[in-house]
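Commentary on secondary and tertiary structure
Each chain, letter by letter, is given below.
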Amino acid sequence: MSEQEYISSTTHWVRDVIVKYNICPFARRELDRGSIRYIVSEAHKPAAVLKDLLAECRFLDQHPDTETTLFIVPRGFEGFYPYLDLVDAAEDMLVEQGYEGQYQLASFHPDYCFDGEPQDDAANYTNRSPYPTLHLIREASMEQALADYEDPESIPERNIAFSRRKGGAFFARLLAECHK
C-alpha cells in the first residue's frame, strides 16, 4: 500500500469512528480545524521508528499550528505485544529527549486489548485503529481541553458502555470500512 492509502484509511477512521461516535470528544475541533497531522513511518525496526518519532516531535516544536500527530507504523508491529514494546520504548524516548510534560502518547492498534480484558470485548474497539498508530498529543492542549470538559473522568466509562452496547461486530464493520 502507498503512504496515502495508510493516511486515507486513518483519516476515515478518525472522521467516521472517533469523531462520528464521539469516542474522543476533543477530536472534532481538531478535525474541523485541519490541525491533525498524519505521518507514515516506513521504518519497521524499533530504533528507526523512534528516530522518526523524535523527528515528528521536533516538527511539532516548530509548528504550533499543528495540534497533534497520528504517527502510523504499518509494518513491523502488526502483533500487539511487539507494538506494546514499541509504545514503552517511545514513552522512554520522550522522557530521555526532554519531551516529558510537553507531549504524551496515546496508542491505537488493530488488535488493541485492554489489560485484563478478553480479546473479544467490544470495549477494546475504543483503541482499535486501521494500523498501529502512536498519537502524539500536546500536553498543554490536553490539560486545557480536560479543564474545559465537564466530568472528563466519565469519558472512558461512557466509551466502554457505548462500545459494549453497539457490539464488536458493529465496530469490526466500521474498521473494515476504513480500508475501502
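Everything below is about the structure shown above.
The present account deals with the structure reproduced in this document. Here the residue numbers are simple positions, counted from 1 along each chain's written sequence. Side-chain atom pairs in this predicted model are given and counted only at pLDDT of 80 or more, local residue features only at pLDDT of at least 70, and totals for whole chains, interfaces and linings cover all residues. With hydrogens and water stripped out, all remaining heavy atoms of the structure feed into the side-chain values.

1. Observations concerning the overall build of the protein chain
- Labels follow the DSSP assignment, with helices taken as runs of H or I lasting at least four residues and strands as runs of E lasting at least two, numbered in each case from the N terminus. The number of helices and strands found in the protein chain is seven helices and four strands.
- When its helices and strands are written in sequence order, the protein chain yields α-α-β-α-β-α-β-β-α-α-α.
- Here the globule rule reads 2.2 Å times residues to the power 0.38, and the radius of gyration is calculated from C-alpha atoms. Over its C-alpha trace the protein chain gives a radius of gyration of 16 Å, about what one expects of a compact globule, namely 16 Å for 180 residues.
- Dimensions of the protein chain, computed from the C-alpha atoms along their principal axes, are close to 40 × 35 × 30 Å.
- The classification of residues rests on relative accessible area computed with a 1.4 Å probe and restricted to protein chains. Under 20% of the type maximum is buried, over 50% is exposed, and intermediate values are partly exposed. Out of the 180 residues in the protein chain, the part that is buried amounts to 47%.
- If you take every contact in the protein chain between residues at least 6 apart in sequence, the share linking residues at least 24 apart comes to 73%. Whether two residues touch is decided by their heavy atoms; if any such pair falls within 4.5 Å, the residues are in contact.

2. Remarks on the sheet that holds strand E2 (residues 68–72)
- The four strands lie next to each other as E1-E2-E4-E3, forming an open sheet whose pairing is mixed. Edge positions in the sheet fall to strand E1 (36–40) and strand E3 (103–108), since each of these pairs with one other strand and no more. Here the average twist between neighbouring strands, direction ignored, is 20°.
- Pairing geometry for E2 and strand E4 (residues 133–138), over five bridges, is antiparallel. By the bridge assignment, Phe71 is partnered in E4 with Leu134.
- Here the axes come from fitting lines to C-alpha atoms, over the contacting stretch only for helices, and the angles between their N-to-C directions go from 0 to 180 degrees. Sheet contacts for helix H5 (residues 139–148): E3 and E4; angle to E4, the most-contacted strand, approximately 75°. Two strands pair under a simple rule: DSSP has to find at least two bridges between them.

3. Regarding the environment of Leu94
- Tracing the chain through its elements places Leu94 in helix H4 (residues 80–96).
- Judged by relative accessible area, which is 4%, Leu94 ranks as buried.
- Sequence spacing of Leu94 and Phe80 is 14 residues, and the spatial spacing of their C-alpha atoms is 21 Å.
- In contact with Leu94, not counting residues within four places along its chain, are Cys57, Tyr99, Glu100, Tyr103, Leu105 and Leu136.

4. Examining the nonpolar core
- Residues belong to one nonpolar core when they are buried, are Ala, Val, Leu, Ile, Met, Phe, Trp, Tyr or Cys, and are joined through side-chain atoms within 4.5 Å. The biggest cluster of nonpolar side chains holds 28 residues, and the ones touching the most others in it are Trp13, Val14, Val17, Ile18, Tyr38, Ile72 and Phe171.
- Elements that contribute at least two residues to this core include exactly helix H1 (3–19), E1, E2, E3, helix H6 (154–166) and helix H7 (168–178).
- Top element by residues in this core is H1. It accounts for seven residues.
- Residues within four places of Phe171 in sequence aside, it is in contact with Val17, Tyr125, Phe162, Ser163 and Lys166.
- Within the second largest apolar cluster, 25 residues are counted, among which are Ile39, Ala43, Tyr99 and Leu105.

Remember that the coordinates give geometry; whether it matters functionally is a separate question.
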